[in-house]
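# Examining the three-dimensional arrangement
This is what each chain is made of:
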Amino acid sequence: MPGDKSISHRALIFGALATGTTRIRGLLEAEDVINTAKAVTALGAPAAKSGDVWEVKGRGVGGLQQPDAPLDFGNSGTGTRLMMGVIAGHPMTVTMTGDASLSKRPMRRVLGPLKQMGLEILDDGKETLPLAMRGTRDLVPMSYTLPVPSAQVKSAILIAGLHAAGETTVIEKEATRDHTERMLRFFGADVATRPHDGQTHITVKGGAEMHGRDVTVPGDPSSAAFLACAALIVPGSDITIEGVLVNDTRTGLYTTLQEMGGDVTLLNLREEGGEPIADIRVRASHLKGVHVPAERAPSMIDEYPVLAAVAGFAVGETRMDGLAELKVKESDRLAATAAGLHANGIAARVEGDSLIVTGTGRVPGGGTVATHLDHRIAMAFLTIGLASDKPVTVDDTAMIATSFPEFRGLMEQLGARYTEAA
Ligand code: S3P
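Residues numbered from 1 in each chain as written. Predicted model: local features only at pLDDT ≥ 70, side-chain atom pairs only at ≥ 80, totals over all residues. Heavy atoms only, no water.

## As for the domain arrangement of the protein chain
- Considered domain by domain, the protein chain is made up of domain 1 (5–216) and domain 2 (221–413).
- With 25 residues of domain 1 at the interface, the matching set in domain 2 holds 25 residues.
- Taking both sides of the interface into account, the surface hidden between domain 1 and domain 2 amounts to around 2,100 Å²; carbon and sulfur atoms contribute 49%.
- Per-residue buried area on domain 1 facing domain 2 is highest for Arg105, Arg177 and Arg182; these three make up 25% of the total on that side.
- Ionic pairing is found between Asp302 and Arg177, a salt bridge with its closest N-O pair at 3.7 Å.
- Seen at the junction of domain 1 and domain 2, the total is 10 residue pairs in polar contact (both at pLDDT 80 or more). (Domains from an automatic or database assignment. Contact = heavy atoms within 4.5 Å. Buried area = accessible area lost by both parts, 1.4 Å probe. Salt bridge = Lys/Arg side-chain N within 4 Å of Asp/Glu carboxyl O. Polar contact = N/O pair within 3.5 Å; in protein donor to acceptor, adjacent residues only side chain to side chain.)

Structure, rendered in structure tokens:
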């Protein structure tokens, strides 16, 4: 599997904030991550590929420089929001821009807490890109309870906290992916995680010193999801996806597929670079509908479009609760998924923050799906087209390159056939 997107962004950013050189193996070379590599380069920490390895020449915490031009993050919410935490701790003025999808996404969730710490928004009151902001050397540490379960918001505050004088604490009610905490520790920052009254308190010490490291990026479970789901629904399939990250803040989809009766096995469990990885064997299976509880949402937030589509091949009702955050992804994924299901003859309804799919074991297909600049909507529906009665069409595939440029090639190796509509 190509490298995990979340870990790839963090390896570049923490490499830039460390002293010395960071070498990254298995970096995901997709548009979102390349935009982060360009951003750290523009901030004075050059990131470039040398042989098989990406190298970042770090500047140390607080040591980045004013860029000459606006930083363009393309389609990437993660790159944008994590970098806001970086800018907050530097006395420089930076303009951030993005594509049409990113320019609609909510930034107040990050800007609110970062402003409390000392970040200045030049066009105050504006909450979407393009945005100009000014950081400071005098960030104020704080304690902040996340109002939404978001690893991006948590990470932005912890990254800002590296630069503040004192301890910054983020309080999480629901566990979200913890790659920032793990990798900050690996780079030498002081990060403590402790349970308290059913919540988790994550504290970072300011004035941090981080040192360049060798990082190996594990395979992306959110991209592997498409291969796994393809294997489950195409009769006779038996595939093994090697070297996939199986951190339990990321594996909700695989648990759900097993509960649906999917033959999904984690093999050869091992650890690489402080993260658990495994090979995932998936065999075609008869699936049944299940209830996916709201508490599981953070650990599979990016996998709902493909799960919902695959639920059409299950027999019975699959009810997915707690999907509010899906509405603010690269598209309104709740609406886009429901529309794609309807277009392909799958019975589905949205009730508040829940999506309910009634599967019959067969999917008519034949529909055209509007992808709204959203890579995961495109890949989810191209996946179910492998087993639907009629082929499935998506209106755009360009965005797939933001997270998984190898998608088509890997699917074709497994036997998929695609045709380009005129
Ligand atoms: C990510 C966190 C999630 C996820 C995104 C990557 C990260 O977003 O949807 O694809 O790398 O921290 P939120 O934290 O906004 O839920």
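Don't stop here, the text continues.
## A few points about the site of the ligand
- Lining the immediate surroundings of the ligand are Ser6, Arg10, Thr78, Arg81, Pro149, Ser150, Ala151, Gln152, Arg177, Ile301, Asp302 and Lys329.
- Within the backbone of Gln152, an N or O atom sits 2.9 Å from an oxygen atom of the ligand.
- Contacts to the ligand include Asp302, whose side-chain N or O atom sits 2.7 Å from an oxygen atom.
- Across the complex, the protein chains shield 95% of the 380 Å² of accessible surface that the ligand would expose by itself.
- Breaking the shell around the ligand down by element, the ones donating at least two residues are helix H1 (5–17), helix H3 (77–88) and helix H5 (151–163).
- Here the residues of the shell around the ligand sort into 3 nonpolar, 4 polar and 5 charged.
- Here the shell around the ligand gathers at least three residues from each of two domains, domain 1 (5–216) and domain 2 (221–413). (Near = heavy atom within 4 Å. Areas by Shrake-Rupley, 256 points an atom, 1.4 Å probe, with all protein chains shown as cover. Helix = DSSP H or I, 4+ residues; strand = E, 2+ residues; numbered from the N terminus. Nonpolar A, V, L, I, M, F, W, Y, C, P; charged D, E, K, R; others polar.)

## Digging into the packing of helix H4 (residues 108–117) against H5
- Close contact between H4 and H5 brings their axes to 9 Å; oriented N to C, the two are set at 20°. The angle between H4 and H5 places the two elements in the roughly parallel class. As H4 packs across H5, the resulting crossing turns out to be right-handed. On H5, the residues touching Arg109, Val110, Pro113, Leu114 and Met117 of H4 are Val153, Ala156, Ile157, Ala160 and Gly161.
- Among the residues forming the contact of H4 with H5, the class breakdown is 8 nonpolar, 1 polar and 1 charged. (Axes fitted to C-alpha atoms, helices over the stretch in contact; angles between N-to-C directions. Parallel < 35°, antiparallel > 145°, perpendicular 65-115°, else oblique. Left-handed = near helix turned anticlockwise from the far one by under 90°.)

## Brief notes about unusual backbone geometry
- In this chain, Leu129 is followed by Pro130 through a cis amide linkage whose omega measures -5°.
- Along the chain, the position of Pro130 falls in the loop between strand E6 (120–121) and strand E7 (131–134).
- Phi at Asp197 is positive, roughly 50°, even though this residue is not glycine.
- Within the secondary structure, Asp197 sits in the loop between strand E10 (191–196) and strand E11 (199–205).

## A word on the sheet that holds strand E19 (residues 354–360)
- Pairing is mixed across the open sheet formed by 4 strands, whose spatial order is E16-E17-E19-E18. Each end of this open sheet is capped by a strand with a single partner; those strands are strand E16 (291–292) and strand E18 (347–351). (Pairing = 2+ DSSP bridges.)

## Section: the pattern of salt bridges
- In the structure shown here, the tally under the stated rule is 33 salt bridges.
- Of the charged contacts in the structure, one is a salt bridge between Arg108 and Glu127, with a shortest N-O distance of 3.5 Å. Of this pair, Arg108 sits in helix H4 while Glu127 is found in the loop between E6 and E7, placing the two residues 19 residues apart along the sequence.
- Looking at Glu127, the relative accessible area reads 30%, which means it is partly exposed.
- Taking the shortest distance from any N to any O, the salt bridge between Glu317 and Arg349 comes out at 4.0 Å. Taken together, the residues span a long stretch of sequence, with Glu317 in strand E17 (residues 315–320) and Arg349 in strand E18 at a distance of 32 residues.
- For Glu317, a relative accessible area of 41% gives the class partly exposed.
- A relative accessible area of 37% places Arg349 in the partly exposed class. (Buried < 20%, exposed > 50% of the residue type's maximum accessible area, 1.4 Å probe, protein only.)

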